[in-house]
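This is what each chain is made of:
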Amino acid sequence: MTPSDGYLLDNRQDEAGQRFDAFATLFDPTTFRHLEALGIGPGLRCWEVGAGGTSVVSWLAGKVGPTGTVVATDIDISRVAPAARPPVEARVHDVGAEEPPGEGFDLVHARLVLVHVPDRERALRSMVHALRPGGRLLVEDADPALQPLLCPDEHGPDQQLANRLRHGFRKLLADRGADLSYGRKLPRLLREAGLRDVRAEACFPVTSPACSTLESATVRQIREQLVHAGLATDEDIDRHLSNVASGSMDLATAPMISAWGRKA
C-alpha cells in the first residue's frame, strides 16, 4: 500500500499534523500508562508500527535511552523524520505487506494503525513474530462501530448533521477496506496469535477541545471525498465546520481499545 492508495487520511496533507497533535492529546496518557505497565525502560529494543507523528516515538526514545533502540516505521515517514536520531531509526515500511524490520524486539506497539491495513492478519503475525520470547505487544485501535456517533447527545439539527457526516466518514473508511469493528476483536486476536496474559481496556474521550480539533481537521481532509461520493454538500460541510468552531457541541471520538499480551 502506497501513501495515497487505500488510506483515506494521507499523512502528506496539511491537516495530518493537526490530527496527530489531537491524537497525542487524547490518547498519549493512556498509551504511556500501558507502556509503563509493560516495563519500558533503558536498553530495550522497540518497534513503533505506523509511527505517523512523533509523540510516542520521542517518549519511547526517552525511556530506552542511548543503550536502547526505537525502530519507527510507516508507509510515509515524513512526519516522524524530525525524531530520527539515536536511539530512533525511521524506516519506510508497510507492516501489512513486508517482513518485519528486525527480530528480537522487547516491545512492539501500534496505535490506530491496523484498522486501516488491508492485510491486518499478516500485519499482526508480523508484529508477533518480531518479538523475542517474553516480549510484549501493545495494539491500540479504534472501534467506530462500537460507538458510531460524533454527537452521542443528538438533541438538535446541528448534532444530527454532525452524525450524518460522521456516518459518511465511516462509509468512506469501510469502502477503503477499514474494519470498523476491529478494536473489539483485539483481545481474541492476540490470544489466537499465541500471546499470554492478554488484557484490554477502552478509552473513550468526550467533550475535549482536542475532539473538536480532530473533527475539524478530519472533515477538511476528507471534504472532497464526501462531496464526490454524494455523502454531503459543500454547504453541509461549511455549516458543520462553523458549528464545531463555535464550541457549542459535545463531540466524541470512536473508542480506542488497547490490548496487550506477552509472547511465550
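To start, this report covers the structure provided alongside it. The structure displayed is predicted, hence computed values, not measured ones.

We now examine the overall build of the protein. Secondary structure summary: the protein contains seven helices and seven strands in total. For the protein, the succession of helices and strands along the chain, N to C, is α-β-α-β-β-β-α-β-α-α-β-α-α-β. For 264 residues, the compact-globule estimate of 2.2 N^0.38 gives 18 Å, and the protein sits close to it at 18 Å. When each of the 264 residues of the protein is scored for burial, the buried share is 56%.

For any pair of aromatic rings, the description consists of the separation of the ring centres together with the inter-plane angle of the planes. Across all of its chains, the model carries three aromatic pairs by this definition. The interplanar angle of 25° and the centroid separation of 6.2 Å between the aromatic rings of F23 and F27 together place this pair among those described as stacked. Taken together, the residues F23 and F27, both in helix α1 (residues 14-37) and four residues apart, mark about one turn of the helix. Across this residue pair, the class does not change: F23 and F27 are buried. Look at F32 and W59: their rings are 4.4 Å apart centre to centre, the planes differ by 5°, and that puts the pair in the stacked class.

This next bit is on the packing of helix α4 (residues 157-175) against helix α6 (residues 209-228). The N-to-C vectors of α4 and α6 enclose an angle of 65°; their axes lie 11 Å apart at closest approach. Pair α4 / α6 crosses with left-handed handedness. Side by side, α4 and α6 meet where L165, R166, G168, F169 and L172 of the first sit next to E215, T218, I222, Q225 and L226 of the second. Residues that form the contact of α4 with α6 fall into these classes: five nonpolar, three polar and two charged.

Pairing between strand β4 (residues 105-111) and strand β5 (residues 131-142): six bridges, direction parallel. Its bridge partner lying in β5, L107 is registered against R136. Assessed by its sense of winding, the connection that carries the chain from β4 through helix α3 (residues 120-129) to β5 is right-handed. Relative to strand β7 (residues 256-263), β5 runs antiparallel, the two sharing seven bridges. Each bridged residue has a counterpart across the sheet, and for A142 the counterpart in β7 is M256.

Let us now look at the pattern of salt bridges. Tallying each qualifying case throughout the model produces 17 salt bridges. Here D106 makes a salt bridge to R132, at a shortest N to O gap of 2.5 Å. Here D106 is found in strand β4, whereas its partner R132 is found in strand β5, with 26 residues between them in sequence. Owing to a relative accessible area of 14%, D106 belongs among the buried residues under this scheme. Close ionic contact of R184 with D143 constitutes a salt bridge, the shortest N to O distance being 2.8 Å. Of this pair, R184 sits in helix α5 (residues 182-192) while D143 sits in the loop between β5 and α4, and the two are 41 residues apart along the sequence.

So, about the sheet that holds strand β3 (residues 88-92). Strands pair in a sheet through their backbones, by hydrogen bonds, and they do so in one of two ways: parallel or antiparallel. The strand order across the open sheet formed by seven strands is β3-β2-β1-β4-β5-β7-β6, and the pairing between neighbours is mixed. Every interior strand has two partners, whereas the edge strands, β3 and β6 (195-203), have only one. The sheet shows a mean angle of 15° between the axes of neighbouring strands, taken without regard to direction. Where strand β1 (residues 45-49) and strand β2 (residues 69-74) come together, five bridges link them in parallel fashion. Paired with W47 across the strands is V71, a residue of β2. Against the sheet, α1 engages β4, β5, β6 and β7, with an angle of about 155° to β4. This element, helix α2 (residues 55-64), spans β1, β2, β3 and β4 of the sheet and lies at about 165° to β2.

In this section: the environment of M256. Assignment of secondary structure puts M256 in strand β7. Separated by eleven residues in sequence, M256 and A245 have C-alpha atoms that sit 24 Å apart. With residues near it in sequence (within four places) discarded, M256 still touches F27, T30, T31, R111, L112, E140, D141, A142, E201, A202 and C203.

All right, on to the environment of N243 then. Tracing the backbone through its elements, the reader meets N243 in helix α7 (residues 234-246). The class for N243 is buried, based on a relative accessible area of 11%. Sequence-wise, N243 and W47 are 196 residues apart; in three dimensions their C-alpha atoms are separated by 40 Å. Residues within four places of N243 in sequence aside, it is in contact with D158, L161, S248 and M249.

Definitions and limits used
Residues numbered from 1 in each chain as written. Predicted model: local features only at pLDDT ≥ 70, side-chain atom pairs only at ≥ 80, totals over all residues. Heavy atoms only, no water. Helix = DSSP H or I, 4+ residues; strand = E, 2+ residues; numbered from the N terminus. Rg over C-alpha atoms; globule rule 2.2 N^0.38 Å. Buried < 20%, exposed > 50% of the residue type's maximum accessible area, 1.4 Å probe, protein only. Phe/Tyr/Trp six-rings, centres within 6.5 Å; stacked < 30°, edge-to-face > 60°. Axes fitted to C-alpha atoms, helices over the stretch in contact; angles between N-to-C directions. Left-handed = near helix turned anticlockwise from the far one by under 90°. Contact = heavy atoms within 4.5 Å. Nonpolar A, V, L, I, M, F, W, Y, C, P; charged D, E, K, R; others polar. Pairing = 2+ DSSP bridges. Right-handed = clockwise from strand over helix to strand, strands pointing away. Salt bridge = Lys/Arg side-chain N within 4 Å of Asp/Glu carboxyl O.

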